[in-house]
Structure formats: C-alpha cells, structure tokens
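Residue strings, one per chain:
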Amino acid sequence: MLTCSDCGREYADDAAAPWRCECGGALDYADQPLPDADHPPEHLDRDRGLWAFEPFLDTERAVTLGEGWTPVVDAPAWDTDFKLESVFPTGSFKDRGAALTVSRAAELGVDRVLEDSSGNAGLAIATYAARAGIDAEIYVPAEAKPGKLRAIERTGADVVRVEGTRGDVTDACVEAVERGEGWYASHAWNPAFFRGTATFALELAAQRDWEVPDAVVTPLGHGTLFLGAYRGFRALRAAGWTDGMPRLLGAQATGAAPVADALGGGAPDNAPSNTAADGIQIREPARLDGILAAIAETDGDAVAVGPEATEREHDRLARAGFHVEPTCATATAALADYRERGVLAPEDDVVVALTGTGLKG
C-alpha cells in the first residue's frame, strides 16, 4: 500500500499506481518492514549486496550488479571518515535506489521506465534497466556533462535533451509519464528509490558494529541520500538494532539552496551560483517538507556552499587520493563550515558521504 505524506490518501502498490498523490504530495510505502529479531545478526552475507538487509527492504532481489558495501575509510586531513559511495557500479550512490526501483519495476511487469536527471540517477536507472532487459528513456538538461550523457547513451537508453532549467527537464519527463509512455522510475518521487538509499544507513551501522556516528554530512539536492539515510537510521532504531539517530547535516549549492534558505543558512542574494555542483542543482525538491522534518527530528542543519569553497575542496580531495565529482566537495566544505560555527564540536564522530566518482566529466 502507498500513502500520501501530505493528505493521507492511500493507493494500491501496483503498476497502475500514480507517481504522486492527486493532491500533489509524494507517495511512500505505508509500512516500513522490520526484521523479526530484536538484535542484529552476528554475520551478514555481503555477497548478497544490498539484499543482506532483505528484512528491511520488502523487495525481491530481481536486478543486481553486486552493489553495496561501499568502504568506510579514515580521512585524517578532515578528522573524519568518508563513506565512498563513488565506487558503485555506475559511480554514484544512486545505484542503491536504482537497484530497488528497477527490481520493483521488474516485479510489476513494467516494460519501459522514464527518469529525469542531471546525470548520475539517469545513468543508474538506465544501467539497471539494461541489466533487467527493460527499455529506458532518460530526460536530461541539454547542457549536462558530455561524459555523463555518453555513458547513458551507451546503455541503449533513449536520451531526451531538454533546453531550459532543471525544472523544465522534470516537467518534460512528467508530461511523457502522464501520456502513458512509461513508468516513472524517479529518484525524487518513487518510494522504492528511497528504500534503496536507506541501505546507506544500514551498511554504515553494520560497518561500525551497530554504533551510529554523532553526525552524517551529505550533499543535499532532492534529498535522495539525505532522506534515505534518515529512514534507514530510523528503521534501525525501531528494530532495536541501534540506540540513537545521528544528526543529519546537508550541503547545498549557492543559487539552489531551498533547504538552507528555509533554515536561515542560505547565502546572500548576491552570492555567485555554485554551478560546479551540478548534482544538487535543485531549487524545488519534491520532498522539501520531509527533508525539513528529518532535520528537525535529528537536530540537523543545511548550509549553502559557494563555488570557491567547492573548487578548493575538490582539489584538496584529489590531492588526498579521493577522485570524486565536485558535488562531493560541497560536503567537506560544509563540514568545515559546521565546525567553524560550532554546529559540530571537535570531538564529534562524523561520517561524510562522498557520493559520486570524478570519472564522468
């Protein structure tokens, strides 16, 4: 069963379900599955990838490329740990959501999926659709990075370039969905995608012997990873496998920072737009209310990061051996900002998500 986060309407969870509620709200699964045992297992079968956490997923393992269990490594120069989401099959954390979403599409007998994306989510959906033998059509900004577009095209997906803003890309894709041209495998709207990104939290807790960190810092656009992490940590606590919730701290890009603006952490109106962080250029997140609620519940925050700080941190990451896309550098820049402002104390145990590879430029 699917339920609306705004008005509470319910819909059957089948191929005919709408991509959002008739009131305009986002749909989510009515219930979060939890394991029977009130304690974590001594051993998890990592060869099963994300499906090592099957009791939390409630989705058949239909489509997989061995995704999951990205490493957690120490980063002394930042006095933190990095979780390297950049080493997934398609080079970003979006594979978590794509694996669950395309598996759900396969369960429902869907033969064509549509997605709109600036690059990473589009490549993830196109790749897993190719793995499943499902046709894919990906709507992208006309000015998207050529490397990302070529990668999507090589999967055999149809690529539709859309002139205008990132919102125009979404509008064009939604129009095609509403014309009946395919099933909306959206990283912003499809609830299966968030069930997939919740495995970030499940893995991180397992890798830390079921101790959650004091805080987690992630880039924040549509909130795909941010909200997924929140839901994963919340499910672990509900299952009794962990005791607490980390503070969730977001890194947005100046010029596209609606969450930071709502919290008073945005940049001045005359601040330059941080277009280098193309992965989080989202001015109207589909689940803004949910993001704000997650921040409120975890005593979290969001800050806008400018282009200079992003460029500086991107170079610094590369010199330390972390070859990631510029969007990742907003997270380490935000980490410094949070510490400077006292949001994070020097002794806080913090994990930063490095979300995408630098090999798609």
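Since this is a predicted model, take the numbers as computed values, not measurements.

Conventions used here
Just so you know, the residues in each chain are numbered from 1, in the order the chain's sequence is written. The predicted nature of this model means local features are confined to residues of pLDDT at least 70 and side-chain atom pairs, given and counted, to a pLDDT of 80 or more, with totals for whole chains, interfaces and linings taken over all residues. Just so you know, side-chain values use all the structure's heavy atoms and leave hydrogens and water out. Here's how the labels work: a residue is buried when its accessible area is under 20% of the maximum for its type, exposed when over 50%, partly exposed in between, all with a 1.4 Å probe on protein chains only. Starting at the N terminus, helices and strands are each numbered in turn, a helix being any DSSP run of H or I of at least four residues and a strand any DSSP run of E of at least two. Each pair of strands is called paired provided DSSP finds at least two bridges between the two strands. Residue contacts are counted whenever heavy atoms from the two residues lie within 4.5 Å of one another. Buried Ala, Val, Leu, Ile, Met, Phe, Trp, Tyr and Cys residues form a nonpolar core when they are joined through side-chain atoms within 4.5 Å.

Visitor: Looking at this model, I keep getting lost on the pairing of strand β6 (residues 112-116). Mind explaining?
Guide: In regular strands, side chains alternate between the two faces of the sheet. The element β6 is largely enclosed, with a buried count of five among its five residues. By the alternation rule, side chains of β6 split into Arg 112, Leu 114 and Asp 116 and Val 113 and Glu 115, which are all buried. In this sheet, strand β7 (residues 135-141) lies alongside β6 in parallel orientation, the contact comprising five bridges. The partner of Val 113 across the bridge, within β7, is Ala 136.

Visitor: Teacher, can you tell me more about the environment of Phe 53 here?
Guide: Note that Phe 53 resides in the loop between β3 (27-29) and α1 (54-57). Since its relative accessible area comes to 1%, Phe 53 is described here as buried. In this structure the C-alpha to C-alpha distance between Phe 53 and Ala 132, which are 79 residues apart in sequence, comes to 21 Å.

Visitor: Even after reading the chapter, I still don't get the sheet that holds strand β8 (residues 158-162), so can you show me in this structure?
Guide: Within a sheet, neighbouring strands are paired by backbone hydrogen bonds and run either parallel or antiparallel to one another. Reading across the sheet, the four strands line up as β8-β7-β6-β9 and stay open at both edges, with parallel pairing between neighbours. Here the strands that pair on one side only, and so sit at the sheet edges, are β8 and β9 (183-184). In the sheet, β7 pairs with β8 via five bridges, with the strands oriented parallel. Counted as the bridge partner of Val 140 is Arg 161 from β8.

Visitor: Sorry, what's going on with the side chain of Ser 86 here?
Guide: Inspection of the secondary structure assignment puts Ser 86 in the loop between β5 (80-84) and α2 (94-108). Ser 86 sits in the buried class, given a relative accessible area of 12%. With residues up to four places along the chain from it excluded, the contact list for Ser 86 reads Gly 91, Val 324, Leu 354, Thr 355, Gly 356 and Thr 357.

Visitor: I'm lost on the nonpolar core in this one. Help?
Guide: Note that soluble globular proteins tend to have their nonpolar side chains buried in a common cluster. Counting 68 residues, the largest nonpolar core has Val 113 and Phe 233 as the members making the most contacts within it. Looking at this core element by element, the count peaks at nine residues for helix α8 (residues 224-239). Counting 26 residues, the second-largest nonpolar core is a separate cluster that includes Ala 215, Ala 329, Tyr 338 and Val 343.

Function-wise, these values are silent; they only describe arrangement.
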